[in-house]
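Structure assessment
So the chains spell out like this:
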Amino acid sequence: MVGFLPLQDVVLPDRIAELTGLGQFGVLGDFIAAFLAAFIIANLMLAMSGVAGPWAKRKITAAFTDRIAVNRIGPFGLLIIPASSVQLLAKELIIPEGVDRPAYDLAPLVIASSAMLGFAVIPMGNGIHLADPETGLVLVFAIASIASLGLATAGYASNNKYSMLGGLRAVAQNIAYEIPLIVTAASVVIFAGTLQMSEIVAAQAQPLVTVAGISIPSWYAFVNPFAFVLFMAANMAEVGRNPFDVPEAPTEIVAGYQTEYSSVYFVLIYLGEFLHIFLGAAIVTTIFLGGPAGPVLPGIVWFIIKIWAIFLFTQWARSALPRVRIDQLIEIGWKGMLVLSFANLVLTAIIVGVFIA
Amino acid sequence: MSLERPRPDQSYVTDDGVDYDAIEELLGEHVLGRETHINAEGFVIRPDEVQEVLFALRDQAGFDHLSVVTAQEYGDRYESIYHLKKYDDPTQELSVVVPTSKDNPVSQTAEPVYRTADWHEREAYDLVGIEYEGHPDPRRILLPETWQGHPLSLDYDQDRPQIVTLTEHANPIADDHYESESDTMFLNIGPHHPATHGVLHLKAVLDGEQVVDVDPDIGYLHRCEEQMAQQGTYRHQIMPYPDRWDYAPGGLMNEWGYARAAEDLADIEVPEYAQVIRTLGAELCRICSHMLALGTFCLDIYGDFTAIFMYAMRDREKVQSLLEDLTGSRMMFNYLRLGGVAWDLPEPREEFFEKTRDFLDDLPEATQEYHDLITSNEIFQIRTIDTGVLEPEVAKQYGATGPVARASGIDYDLRRDDPYGYYPELDWDVATDDGCDNYARLLVRMQEVEQSAKIIEQCIDVLESWPEEDREIQSNVPRTLRPEADTEIYRAVEAAKGELGIYIRADGTDKPARFKIRSPCFSNLHTLPEMSEGEYIADLIASLGSLDIILGEVDR
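Residues numbered from 1 in each chain as written. Chains lettered and ligands numbered in written order. Predicted model: local features only at pLDDT ≥ 70, side-chain atom pairs only at ≥ 80, totals over all residues. Heavy atoms only, no water.

**Considerations on empty space enclosed by the protein**
Residues and elements named next belong to chain A. A full pass over the atoms with the stated rule returns five cavities of 30 Å³ or more. Of the volumes computed, that of the largest cavity is approximately 200 Å³. For the largest cavity, the lining is made up of 19 residues, of which Leu-151, Glu-238, Val-239, Tyr-257 and His-276 are closest to its centre. Secondary-structure elements contributing two or more residues to the lining of the largest cavity are α5 (136-157), α6 (161-192), α9 (225-239) and α11 (263-288). Space inside the second largest cavity adds up to approximately 70 Å³. Lining the second largest cavity, in full, are Phe-141, Ala-144, Leu-181, Phe-231, Asn-235, Glu-238, Val-239, His-276, Leu-279, Gly-280 and Ile-283. Of all the elements in the fold, those that place two or more residues in the lining of the second largest cavity are α5, α9 and α11. Here the lining of the second largest cavity is built from residues that sort into seven nonpolar, three polar and one charged. (1 Å grid on protein atoms, 1.4 Å probe; cavity = no way out; pocket = protein on both sides within 12 Å on 5 of 7 lines; lining within 4 Å. Points joined across faces, edges and corners; volume = space filled by probe spheres on them. Helix = DSSP H or I, 4+ residues; strand = E, 2+ residues; numbered from the N terminus. Nonpolar A, V, L, I, M, F, W, Y, C, P; charged D, E, K, R; others polar.)

In structure tokens:
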């Protein structure tokens, strides 16, 4: 392991405990501090993905497609956010006959909460980091995968053939793309020599090369661009956006697993999807783009800029790229991405073993 | 011709067209009598010899295109008319008239000879009540299975309420094709589904994601257009209806379909100046229609409202505003009149010309953008190339026309092959492609947009230099038209979707006795099962999009 000085070895709950003096109340104080920290982070993420996200998505897509989008209520149509929230929550919750009840109700919760949980281990800069376990990277992938369970449950429990097809597609897609995703991430682990998120970030802090006085940091996107591209592609499939939005495929299977969901349940699924895109962006940021690192501005600002940039990228792909067919998607996953990701892993291992170690 | 195949015997053709006497000789004693329709000779045959006669006409005389089957009821008999044509030369026409008795209206099916007869005969049974012996699927097609009576038959009581209760309907969910041994799944795609381009119901049987069987269920948008036309007077009351068939909008082309048939029936001349305006308007409509086809086809491949859909809509909007300037309407034009058009170009003319030229100048850039965005996209190519394959011979069997046929390498375009309007004077090409797949259909439409632009450009030049004193937009047409009794005509134009034909039988009054619409979408949709069985459900949706059907025209 390369010697370095960890940037943030103090996670947010400890810091809150320290600042508020909760630390002296023992376990209970720690618990309250942790709860407060989680509350802050969750609200930050919800504000971004649940509140700003749908509005920004409308505006971004409109910009790509020569439209204006929301502009009637409030400046830049911003008040559409509360208006839409009230509208969505006020809708009647229709539960079709014959649905598999507890499963049907649990699925939206699983989808939304699993994505939320992943942010716990993401270092967001300025000490905003809920937990920093040694196995952070594995944990975040494990958590993100739980969403697939939610999708399959929603598809199965809805008692609708389109939902069923969507759920099955979601499972097939996630299996096909999560392996390349994780294998590609493993190549980063070889570089960094650790699974701990804060240390992966720290490992990217050193300058890679200095050109004309500007030093380019050794972000893994620059060190291993091939892995970065692979990871971005697999991530698109993981979050189910074009060209890999096969599980929803509105023109083919109506809305896939979410066909039968309305009102609050629909909001939860929709929120889960947005959170998932942001979580995917946060993982990319952390392991390829140096996490919160950046000049002048505070770390958290850089972190937000980076995840929004990746969000923008998904919306761009959504506007411009056709959807692949399910069999083509599976083929790309198993025959293309899997092979490439293993090639990348082996190559990285050799390079690191021979030249760096 | 891009299509190689043995040429049929030329002995049934003279320099003037079909050698009807030679054909009478060919058919020998099958011929009970001959009728003269304005467009072609009609051969009257026995109802139990339909297949024999049609086989002979198809294989020996080369009539490989069954345009439409018209069914009608007379006071003393029922009659099915098979309007035959040749894909090589659609001016060579022939009608086979099959009378059946009142008390036993049974006629032999033509389905083994022409696959397209399947749907046409179902419609004939549904609306008129003729039964076709040996038909593989003798169900109603437009009306519900529980419908009582046949609406276009003479003794049908329109005022009697139909008692079609919900329980009498076959419940689409109940019949699940479920067998414990079978792995297939029955899936209702539509009538409410994002990708059915209207209200279409596809009864699909899936094996996993693959389509085992698909059965289009149409008629949700049936508005009795034929009957309404039969209740309107030739002069003014029928013209608004064609706008409601293909409302993509193909309005002016549809109106021209009616105008052409009625003008030939009543022997009305159209001033050349009006023909140029008609040509201009029809091609504007074609661009509009193809832009919508392109946009919605991509919608099926991309999902949601993506860039390409909005770009196509953006450019279509420009044409719509041109059409609005010309006709005063964006969709339901009602602009053509028998013997001309309703009014001249909008004043100031220079402004209209300039606006049209601006659009034409911007069009190459727009099409290039489409090519950059879609046709050269590799994902788009793997999705569309070699999917939804429609072989040329199959396309002919189903009576496919328009871009669907031309993308299967069938060089068939009525604007050139059966000239009308101002097309023969202009310099343009028929776009064809040998790809036979979804991609080829898209390419053909994109090329046709370019060709239409070329036609419009020339029309604008012609109109601009037209001397002011000769701008005759309407010929003298009697206030009330009463074409001679028992004159019959079938005339077609090349609409955006293909051959749009109108059959009219006059009975001496000012309203048609029978008004039959040959809808190109109807025949094109019939090819869907052939294209998509064995393919993935995603390709079924893409193929449906590539057919560019407008349900208003399918169901009429």
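Moving on from the model shown.
**Topic: the interface of chain B and chain A**
Contacts between the two partners involve 37 residues from chain B, matched on the other side by 28 residues from chain A. Surface buried jointly by chain B and chain A totals about 2,700 Å² across both partners, of which 59% is contributed by carbon and sulfur atoms. When the area that chain B buries against chain A is broken down by residue, the three leading residues are Glu-209, Tyr-302 and Ile-379 of chain B, summing to 19%. Linking chain B with chain A are three salt bridges. Mapped by element, the contributors of at least two residues to the side of chain B that touches chain A are β10 (184-189), α6 (272-302), α7 (307-327), α9 (378-384) and α16 (537-547) of chain B. For the side of chain B that touches chain A, the element with the most residues is β10 of chain B, which contributes five residues. Of the residues contributing to the side of chain B that touches chain A, the split by class is 22 nonpolar, eight polar and seven charged. (Contact = heavy atoms within 4.5 Å. Buried area = accessible area lost by both parts, 1.4 Å probe. Salt bridge = Lys/Arg side-chain N within 4 Å of Asp/Glu carboxyl O.)

**Section: the domain arrangement of chain B**
Residues and elements named next belong to chain B. By the assigned domains, chain B splits into domain 1 (10-133) and domain 2 (225-555). Each of domain 1 and domain 2 has a C-alpha centre, and the two are 27 Å apart. Across the boundary between the two partners, domain 1 contributes 36 residues, which contact 33 residues of domain 2. With both sides pooled, the region where domain 1 packs onto domain 2 buries about 2,800 Å², and carbon together with sulfur makes up 53% of that total. (Domains from an automatic or database assignment.)

**Section: unusual backbone geometry**
Residue Ala-248 of chain B is joined to Pro-249 of chain B through a cis peptide bond whose omega torsion reads 10 degrees. Tracing the backbone through its elements, the reader meets Pro-249 of chain B in the loop between α4 (225-230) and α5 (251-266). In this structure, the amide linkage connecting Glu-347 of chain B to the following residue, Pro-348 of chain B, adopts the cis form with an omega of -10 degrees. Notably, Asp-66 of chain A is not glycine yet its phi reads approximately 65 degrees, a positive angle. Inspection of the secondary structure puts Asp-66 of chain A in the loop between α2 (26-64) and α3 (80-90). In this structure Asp-66 of chain A comes out as partly exposed when scored by relative accessible area, which is 47%. Phi at Asn-334 of chain B is positive, roughly 50 degrees, even though this residue is not glycine. (Buried < 20%, exposed > 50% of the residue type's maximum accessible area, 1.4 Å probe, protein only.)

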